[in-house]
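These are the residues of each chain, in order.
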Amino acid sequence: MEALLGEHLRICPQGYTCCTSEMEENLANHSRMELETALHDSSRALQATLATQLHGIDDHFQRLLNDSERALQDAFPGAFGDLYTQNTRAFRDLYSELRLYYRGANLHLEETLAEFWARLLERLFKQLHPQLLPTDDYLDCLGKQAEALRPFGDAPRELRLRATRAFVAARSFVQGLGVASDVVRKVAQVPLAPECSRAIMKLVYCAHCRGVPGARPCPDYCRNVLKGCLANQADLDAEWRNLLDSMVLITDKFWGPSGAENVIGGVHIWLAEAINALQDNKDTLTAKVIQGCGNPKVNPHGSGPEEMRRRGKLALQEKPPTGTLEKLVSEAKAQLRDIQDFWISLPGTLCSEKMAMSPASDDRCWNGISKGRYLPEVMGDGLANQINNPEVEVDITKPDMTIRQQIMQLKIMTNRLRGAYGGNDVDFQDASDDGSGSGSGGGCPDDTCGRRVSKNSSRTPLTHALPGLSEQEGQKTSAASCPEPHGFLPLFLVSLILAAAGPRWR
């Protein structure tokens with residue numbers, strides 16, 4: 001191919017070249033697409049890692065709650081008879097509320113539990129006293145005295161204290177995984193700047209246009225190009241680390257008698273203790289209620305209390321941990337530590353794995369102009385550090401707004417995790433800024449998020465939505481012929497481009 005004066009080139013050095021303007025434009029477009037593909041591949045791999053951890057731990061927590069409800073359904077009918085079978089809906093509704101709370105619905109768990117105990121007390125009081133006909137006012141009086149009377153013993157208080165901490169810890173961890181995946185997905189959609197596309201072309205293909213295909217990019221040159229291209233992404237680093245650190249910390253709340261595993265899997269045990277206590281305290285409770293609220297009306301058609309068959313106590317044992325959650329959490333923590341530096345290590349990773357970078361900076365690598373050493377220093381990480389980047393023109397006064405929004409989502413989720421670590425019942429709406437819930441791992445639908453869910457509203461149970469190029473060198477050829485490219489560009493494509501370029505070098 002005939003050597004051309006490079007005055008027509010807009011990106012590559014304007015010396016003698018074997019690339020036409022059309023070839024340079026095609027190679028520039030292709031280099032941009034190859035970098036975008038490499039970025040998407042890295043993002044998909046990270047999303048897959050997070051999704052695997054999310055699904056494993058989420059499935060385990062939901063299985064714990066399902067197993068608890070199943071244990072209740074198996075044991076309560078035989079132990080409590082009509083006290084359970086006539087109130088199955090109340091128990092079923094409680095488990096439905098707990099599932100919604102775990103999945104992120106805007107429920108206040110303490111209020112939910114208080115409403116459950118109040119409704120259950122009214123129904124069981126009437127069942128234990130079929131000879132009485134309490135009015136609504138009388139039942140209101142009963143409810144007002146319930147806190148002092150403690151008809152269910154310590155079970156309601158213990159369940160409230162433990163469940164609030166356990167459920168908020170479990171759901172915040174799973175939500176954190178979902179938010180992290182969602183951030184990765186949205187950042188991957190941020191387009192490359194035109195200045196980046198030019199720099200990538202110069203990095204990868206200008207050596208071919210200069211006839212030196214064996215000169216692979218100098219390591220520091222490649223890092224400066226990618227640090228400039230991914231400057232905004234690197235600014236995610238601080239809040240990304242804060243989020244992952246908070247997620248690792250919250251797993252401390254999964255263990256022990258008050259940990260998420262024991263509490264979520266043992267809800268039925270507290271319910272059994274509550275009904276046992278009510279039966280034990282029945283006579284004392286009745287006397288105190290009559291003392292405080294007066295004598296209720298008598299049901300002329302009701303049977304006497306002596307006709308109610310006394311059921312035995314139900315003693316349920318906690319199941320020992322199977323070790324499944326411990327294994328899942330151990331794997332998740334290891335993965336979270338591995339991906340802590342994802343954003344600031346991305347330029348180096350891409351240079352090493354995707355850019356066929358030279359193994360050393362010496363006289364044989366491509367420095368953007370010719371074969372030779374690359375002398376400029378490597379820039380720091382993040383947007384502000386690119387003010388003097390010699391390879392990519394970066395306007396540090398104009399941060400990418402999509403990435404700034406994702407930084408805010410990381411902050412919000414980190415604050416929720418920190419609140420959850422302290423046992424606070426945070427207002428747990430979906431942290432996704434677009435409201436779609438995609439990849440958020442625990443968002444809730446429009447009819448349940450953003451407002452208090454009424455007892456009679458119809459809800460739909462939620463499910464968590466879940467988020468290589470050859471390094472071989474090109475053939476070494478003399479300056480008297482146009483080279484074959486390395487593996488970053490498919491061979492056939494460059495062959496077609498060069499074939500259309502005109503006569504051969506003389």
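Residues numbered from 1 in each chain as written. Predicted model: local features only at pLDDT ≥ 70, side-chain atom pairs only at ≥ 80, totals over all residues. Heavy atoms only, no water.

Where an unreviewed UniProt entry is consulted, the chain appears under the name Glypican-1, with the organism given as Mesocricetus auratus. Heading Sequence similarities (unreviewed entry) of the UniProt record for the chain holds this comment: "Belongs to the glypican family." We quote the UniProt Function (unreviewed entry) comment for the chain here in full: "Cell surface proteoglycan." (UniProt positions renumbered as here; feature names shortened; annotations may be inferred.)

Asks: Describe the overall build of the chain, naming the residues involved and giving the relevant values.
Replies: Each helix and strand counted, the chain has 18 helices and two strands in total. Accessible surface for the chain amounts to roughly 23,400 Å². Of this, 48% is attributable to carbon and sulfur atoms. (Helix = DSSP H or I, 4+ residues; strand = E, 2+ residues; numbered from the N terminus. Areas by Shrake-Rupley, 256 points an atom, 1.4 Å probe, with all protein chains shown as cover.)

Asks: Any details on the state of the cysteines? Residues and values, ideally.
Replies: On inspection of all chains with the given rule, the structure shows six disulfides. Each disulfide pairs two cysteine sulfurs, and for Cys-12 the partner residue is Cys-206, the sulfurs being separated by 1.9 Å. Between Cys-12 and Cys-206 the disulfide shows an S-S torsion of about -90 degrees. By sign, it is left-handed. Pair noted here: Cys-12 is in the segment before helix H1 (21–80) and Cys-206 is in helix H8 (residues 206–209), with a separation of 194 residues, a long-range link. Given the relative accessible area of 4%, Cys-12 is considered buried. (Disulfide = S-S within 2.5 Å. Buried < 20%, exposed > 50% of the residue type's maximum accessible area, 1.4 Å probe, protein only.)

Asks: So what about the packing of helix H6 (residues 155–188) against helix H17 (residues 401–421)? Which residues, and what values?
Replies: Helices that pack against each other are described as a pair by the angle of their axes relative to one another and the distance between those axes. H17 packs onto H6 with a crossing angle of 170 degrees between their chain directions and a minimal axis gap of 10 Å. Relative to H17, the element H6 lies roughly antiparallel. Contacts from Val-168, Ser-172, Phe-173, Gln-175, Gly-176, Val-179, Asp-182, Val-183, Lys-186 and Val-187 in H6 reach Thr-402, Ile-403, Gln-406, Gln-409, Leu-410, Met-413, Leu-417 and Ala-420 in H17. Residue composition of the contact of H6 with H17, grouped by class: ten nonpolar, six polar and two charged. (Axes fitted to C-alpha atoms, helices over the stretch in contact; angles between N-to-C directions. Parallel < 35°, antiparallel > 145°, perpendicular 65-115°, else oblique. Contact = heavy atoms within 4.5 Å. Nonpolar A, V, L, I, M, F, W, Y, C, P; charged D, E, K, R; others polar.)

Asks: Outline the side chain of Ser-68, supporting the account with residue identities and numerical values.
Replies: With respect to the secondary-structure elements, Ser-68 resides in helix H1. With near-sequence residues (within four places) excluded, Ser-68 lies in contact with Tyr-95, Ile-264, Gly-265, Gly-266, Val-267 and His-268.

Asks: Explain the packing of aromatic side chains to me, and be specific about the residues and the numbers.
Replies: Inspection of the entire model under this criterion finds 15 aromatic pairs. On the basis of an interplanar angle of 90 degrees and a centroid distance of 5.1 Å, the ring pair of Phe-76 and Phe-80 is categorised as edge-to-face. With a gap of four residues between them, Phe-76 and Phe-80 both fall in helix H1, about one helical turn apart. Judged by its relative accessible area of 1%, Phe-80 is buried. (Phe/Tyr/Trp six-rings, centres within 6.5 Å; stacked < 30°, edge-to-face > 60°.)

Asks: Got a sec to walk through the environment of Leu-249? Specific residues and values, please.
Replies: Within the fold, Leu-249 resides in helix H11 (residues 237–250). Taking the C-alpha atoms as reference points, Leu-249 and Tyr-421, separated by 172 residues in sequence, lie 7.7 Å from one another.

Asks: Can you tell me about H11, naming the residues and giving the values?
Replies: In a regular helix each residue adds 1.5 Å, so 14 residues correspond to 20 Å; H11 covers 20 Å between its end C-alpha atoms and thus fits that length. Of all the positions in H11, only Asp-237, Glu-239, Trp-240, Leu-243, Leu-244, Ser-246, Met-247, Val-248 and Ile-250 are classed as buried. Residues of H11 that are buried make contact with H1, H6, helix H10 (231–234), helix H15 (324–338), helix H16 (342–353) and H17. (Expected span 1.5 Å × (residues − 1).)

Asks: Describe the pattern of salt bridges, naming the residues involved and giving the relevant values.
Replies: Following the criterion strictly, the structure yields 15 salt bridges and no others. Notably, a salt bridge pairs Glu-36 with Arg-32, separated by 3.9 Å at the nearest N-O pair. A residue pair is termed a helical-turn pair when its members lie 3 or 4 positions apart in one helix, as Glu-36 and Arg-32 do in helix H1 at four residues. Asp-67 is paired through a salt bridge with Arg-70; the nearest N and O atoms lie 2.7 Å apart. Taken as a pair, Asp-67 and Arg-70 lie in helix H1 at a separation of three residues, close to a single helical turn. For Arg-70, a relative accessible area of 44% puts it in the partly exposed group. A single salt-bridge network, built from bridges that share partners, covers Arg-157, Glu-158 and Arg-162. (Salt bridge = Lys/Arg side-chain N within 4 Å of Asp/Glu carboxyl O.)

Asks: Give a description of the packing of H6 against helix H13 (residues 267–280) that names residues and reports values.
Replies: At a minimum axis distance of 9 Å, the contact between H6 and H13 shows a crossing angle of 160 degrees. Considering their axes alone, H6 and H13 lie roughly antiparallel with respect to each other. Every pair of crossing elements has a handedness; the one defined by H6 and H13 is left-handed. Contacts between H6 and H13 involve Ala-155, Glu-158, Leu-159 and Arg-162 on the former and, on the latter, Trp-270, Leu-271, Glu-273 and Ala-274. Classifying every residue of the contact of H6 with H13 gives five nonpolar, no polar and three charged. (Left-handed = near helix turned anticlockwise from the far one by under 90°.)

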